[in-house]
Amino acid sequence: MQTGTQTGTQTRTRTRTQPGTHFDREHCVRAVQSKDARFDGWFFTAVLTTRIYCRPSCPVVPPKPENMTFYPSAAACQQAGFRACKRCRPDTSPGSPEWNLRADLVARAMRLIADGVVDREGVPGLATRLGYSTRQVERQLLAELGAGPLALARAQRAQTARLLIETTPLPMAEIAFAAGFSSIRTFNDTVREVFALSPSELRARVPGSRAAAAPGTPGTLALRLPFRAPLNPDNLFGHLAATAVPGVEEWRDGAYRRTLRLPYGHGIVALGPRPDHIACRLTLSDLRDLTVAISRCRRLLDLDADPVAVDGRLRTDPLLAPLVDRAPGRRVPRTVDEAEFAVRAVLGQQVSTAAARTHAGRLVTAHGKPLDDPEGGLTHLFPSAEALAAVDPETLAMPRTRRTTFTTLVRRLADGTLSLGVDSDWAEARARLLALPGFGPWTVDVIAMRALGDPDAFLPTDLGIRRAAGELGLPSTPAALTARAEAWRPWRAYAVQYLWATDSHPINFLPV
C-alpha cells in the first residue's frame, strides 16, 4: 500500500515494507532532521546506539541517519527493546490518522484497542467483535504495525500509567489497576522497561511536585490533549455547543462540558481549546475508564486528523481553496456515543436545531439516568437504547412516521441487530441503516460522518450545502455536486465543514 499527501511543498510518501523499515526511509530521515511535528504519531524513530525511541519532532540533536530505524507504532519499538525518550515523550504524540481514515480490519482493531476492548475482553473478545479469528487479527496487526494486539494494549496501558503517575497523587497500587494491569509486579516491570525509570522515579521527575497536589474533586484529572496543527475550533466547538442537549451537554467558562457513559461507570468532561492543545478536565466514577474516556474525547474532537493532508487535497479545487485558506484546520465534530448520535439524528429530522434540542432534552429528563455534577449544570446521562426501547410510543411528541423511525431504531440498537460503534464496518452500517423505515441518504450520511467517523461521508442533498455551493459557483444539484466532489475524496466530510461554515448559523462560531 502506498499513499501520498501534500504537506506544503513537501510530498509525504509512505511505503509498506517490514516493521523496521515501515515507511519511506528518505522522507522519515528528512522529517526527523527538520523536527517536523506534523509527522508525530505517523511513525517513531528508534536510535540504534542509545536504544531509545522518539517522535520525529524530538528537540534533541538528531542522530546520524545510519543510526536511525523506523517503526509504525510505539508498541513495535518496545517489542524491539527500545525505551521511550524522556525528552520528547513519544507516548504523548497524537494518534495516527490512519485509523480514522480507514474501515478495514486493522483500522477497526486499532480503534477498539484504543477503546480498551483488549483490557476488558481480551484478544478473543477483540476478534469476536471484528468477525475474524484471533490468529487472523494477530497476523494482520503484526504485519502492518510490527506488534500484536497484546503488545499494542500493553503500550497503551503504559501510557495511561504514566499519565496517572504524573498527574495524580494516587497510590501506585491504585494506578496499576486503574491503568489496566493485572498485577502490581507487571505494572512495575512495564514502567521500568518502557520508560527506564521506576514508577516512583517517574513521579519524582514531575516539576514542582505537581503529582503530589490533592485534586480539587476526587476522581478529577486535568490533561492536555495534543493535536496536529492547525486546528480551527470555531465550527468544532460551535457545533457541539449549539446542538447541546440540556442536562447532558453545556458550554460554560470557555469549555464544552458533557456527561459520559463508560464501561465501568460514568464521567463528566470539560474540553476547552488552547493554541497548542485541548485542555481536558475529566471527573470519573471509576479510574479504570480513563483510557476509554480519553479515546472518546479525542474522537469527539477529531484530534487525530491530519489537517495538512485534508486541506491540501481540498485546496486543489479553486472554488474551495479560498475557504480553506481563510480558516484552515477545520475538524469534523463527532460523538462519544454512536447510538446516542443516531437517536439524535432521528430527532433532528426536518426540524430546527432548537427543536431537536428540545425533543432530546425531554427524553433525557424522562428516561436518562440522573447523576451529580460537582459544578452543577449537568444532570443526566443520555438514555440508553434499552431505556428508550421500553418507552410507550404514544408518549412521544412527534409525527407518527418519525415515531415509527425512532422506535424501530432504538429496538434494533437494544436487541443488537443493529450495532453502531468504533468497530463498525462503514458500508455494512450504511446498508443496515438504509433498510430502516424513515432513513434516507441524508440521515445515514450524517450518522456516518459524525458517529461512525467516515471522513468521506458527504451530504449533497443538505440545503445548507447546496446553498453554499451555489454561492461559491459550485454545482448546486445533488448529482452534479457529487460528481464535482469526486476530486475531494477521501476528505468530503471536511469539505462539508468548510461549506457549512459559509453560513451565519451559530454552529459555525466559537461560543463566547
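Residues numbered from 1 in each chain as written. Predicted model: local features only at pLDDT ≥ 70, side-chain atom pairs only at ≥ 80, totals over all residues. Heavy atoms only, no water.

Caption draft 1: Region of interest: the UniProt feature "domain: HTH araC/xylS-type" (unreviewed entry) in the protein. The positions that UniProt labels "domain: HTH araC/xylS-type" (unreviewed entry) are, in the present scheme, residues 107-205. Each end of residues 107-205 is marked by a C-alpha atom, and these two atoms are 35 Å apart; helix forms 79% of the span and strand 0%. (UniProt positions renumbered as here; feature names shortened; annotations may be inferred. Helix = DSSP H or I, 4+ residues; strand = E, 2+ residues; numbered from the N terminus.)

Caption draft 2: Representation of the sheet that holds strand β9 (residues 255-261) within the structure. Spatial ordering of the open sheet is given by β7-β11-β10-β9-β8, a layout of five strands whose pairing is antiparallel. Of all strands in the sheet, those with a lone pairing partner are β7 (220-225) and β8 (249-252), marking the two edges. Strand-to-strand twist across the sheet, computed as the mean angle between neighbouring axes with direction ignored, equals 20°. Here six bridges tie β7 to strand β11 (residues 278-284), and the two strands are oriented antiparallel to one another. Opposite Thr220, over in β11, you have Thr283 as the bridge partner. (Pairing = 2+ DSSP bridges. Axes fitted to C-alpha atoms, helices over the stretch in contact; angles between N-to-C directions.)

Caption draft 3: The sheet that holds strand β5 (residues 68-71), seen in detail. An order of β5-β3-β4-β6 is seen for the four strands of this open sheet, with the pairing classed as mixed. Unpaired on one side and paired on the other, β5 and β6 (83-84) mark the two borders of the sheet. Contacts from helix α1 (residues 25-33) reach β3 (44-47) and β5, with the element oriented near 105° to β5. (Contact = heavy atoms within 4.5 Å.)

Caption draft 4: Structural view of the side chain of Asp454. Examined against the element boundaries, Asp454 turns out to sit in the loop between α20 (441-450) and α21 (463-472). A residue is classified by how much of its surface remains accessible, and Asp454, at 8% relative accessible area, is buried. Sequence-distant contacts of Asp454, defined by excluding residues within four places in its chain, comprise Arg334, Trp426, Arg430, Ala448, Met449 and Ala493. (Buried < 20%, exposed > 50% of the residue type's maximum accessible area, 1.4 Å probe, protein only.)

Caption draft 5: Quick look at helix α15 (residues 338-347). Among the ten residues in α15, nine count as buried, and that is most of the element. Measuring from the side-chain oxygen of the N-cap residue of α15 to the backbone nitrogen of Ala339 gives 3.1 Å; that N-cap residue is Asp337. (Polar contact = N/O pair within 3.5 Å; in protein donor to acceptor, adjacent residues only side chain to side chain.)

Caption draft 6: Structural context of the packing of aromatic side chains. Here the structure, examined in full by the defined rule, presents eight aromatic pairs. For the pair Phe43 and Phe70, a centre-to-centre distance of 5.5 Å together with 90° between the ring planes defines the contact as edge-to-face. Placement of Phe43 in the loop between α1 and β3 and of Phe70 in strand β5 is noted, with a sequence separation of 27 residues between them. Arranged with centres 6.0 Å apart and planes meeting at 75°, the rings of Trp491 and Tyr494 form a pair that is edge-to-face. Taken together, the ring pairs connect Phe39, Phe43 and Phe70 into an aromatic cluster. A cation sits over an aromatic face here: Arg51 above Phe82, 3.9 Å from the ring centre. (Phe/Tyr/Trp six-rings, centres within 6.5 Å; stacked < 30°, edge-to-face > 60°. Lys NZ or Arg CZ within 6 Å of the ring centre and 35° of its normal.)

Caption draft 7: Highlighting the pairing of strand β10 (residues 266-273). Most of β10 is tucked away: seven of the eight residues are buried. In terms of strand pairing, β9 meets β10 through six bridges, oriented antiparallel. Bridged to Leu260 within β10 is Gly267. Counting the residues that bridge the hairpin from β9 to β10 gives four residues. As paired elements, β10 and β11 share seven bridges and run antiparallel to each other. Looking at β11, one finds that Ile268 is bridged to Thr283. Between β10 and β11, which pair antiparallel one after the other, the connecting turn spans four residues.

Caption draft 8: Examining the pattern of salt bridges more closely. As enumerated under the stated definition, the model contains 37 salt bridges in all. Residues Arg55 and Asp40 are paired through a salt bridge, measuring 3.0 Å at the closest nitrogen-oxygen approach. In this pair, Arg55 is assigned in the loop between β4 (52-54) and β5 and Asp40 in the loop between α1 and β3, connecting sequence segments 15 residues apart. Per residue, the accessibility class of Arg55 equals that of Asp40, and both read buried. Measuring nitrogen to oxygen at the nearest pair gives 2.5 Å for the salt bridge that ties Arg257 to Glu250. Classification of Arg257 as buried rests on a relative accessible area of 2%. If you follow the salt bridges from partner to partner, you end up with Glu250, Arg252, Arg257, Arg281, Asp373 and Glu375 in one network. (Salt bridge = Lys/Arg side-chain N within 4 Å of Asp/Glu carboxyl O.)

Caption draft 9: Here's a closer look at the packing of helix α4 (residues 105-114) against helix α6 (residues 134-145). Remark: α4 packs on α6, axes separated minimally by 10 Å, with the N-to-C direction vectors making an angle of 95°. Looking at the two axes, α4 sits roughly perpendicular to α6. Within the contact between the two elements, α4 uses Leu105, Val106, Ala109, Met110 and Ile113 and α6 uses Gln136, Val137, Gln140, Leu141, Glu144 and Leu145. Across the contact of α4 with α6, the residue classes break down as eight nonpolar, two polar and one charged. (Parallel < 35°, antiparallel > 145°, perpendicular 65-115°, else oblique. Nonpolar A, V, L, I, M, F, W, Y, C, P; charged D, E, K, R; others polar.)

Caption draft 10: Here's a closer look at the environment of Leu231. Tracing the backbone through its elements, the reader meets Leu231 in the loop between β7 and α11 (233-242). On the basis of relative accessibility, which here comes to 15%, the residue Leu231 falls in the buried class. Discounting residues that sit within four places of it in the chain, Leu231 has contacts with Leu236, Leu303, Gly329 and Arg331.

Caption draft 11: Summary view of α20. Here α20 lies mainly inside the structure; eight of its ten residues are buried. Among all positions of α20, only Thr443, Val444, Asp445, Val446, Ile447, Ala448, Met449 and Arg450 are buried. Looking at the buried positions of α20, the neighbouring elements they touch are α11, α15, α19 (426-434) and α23 (492-500).

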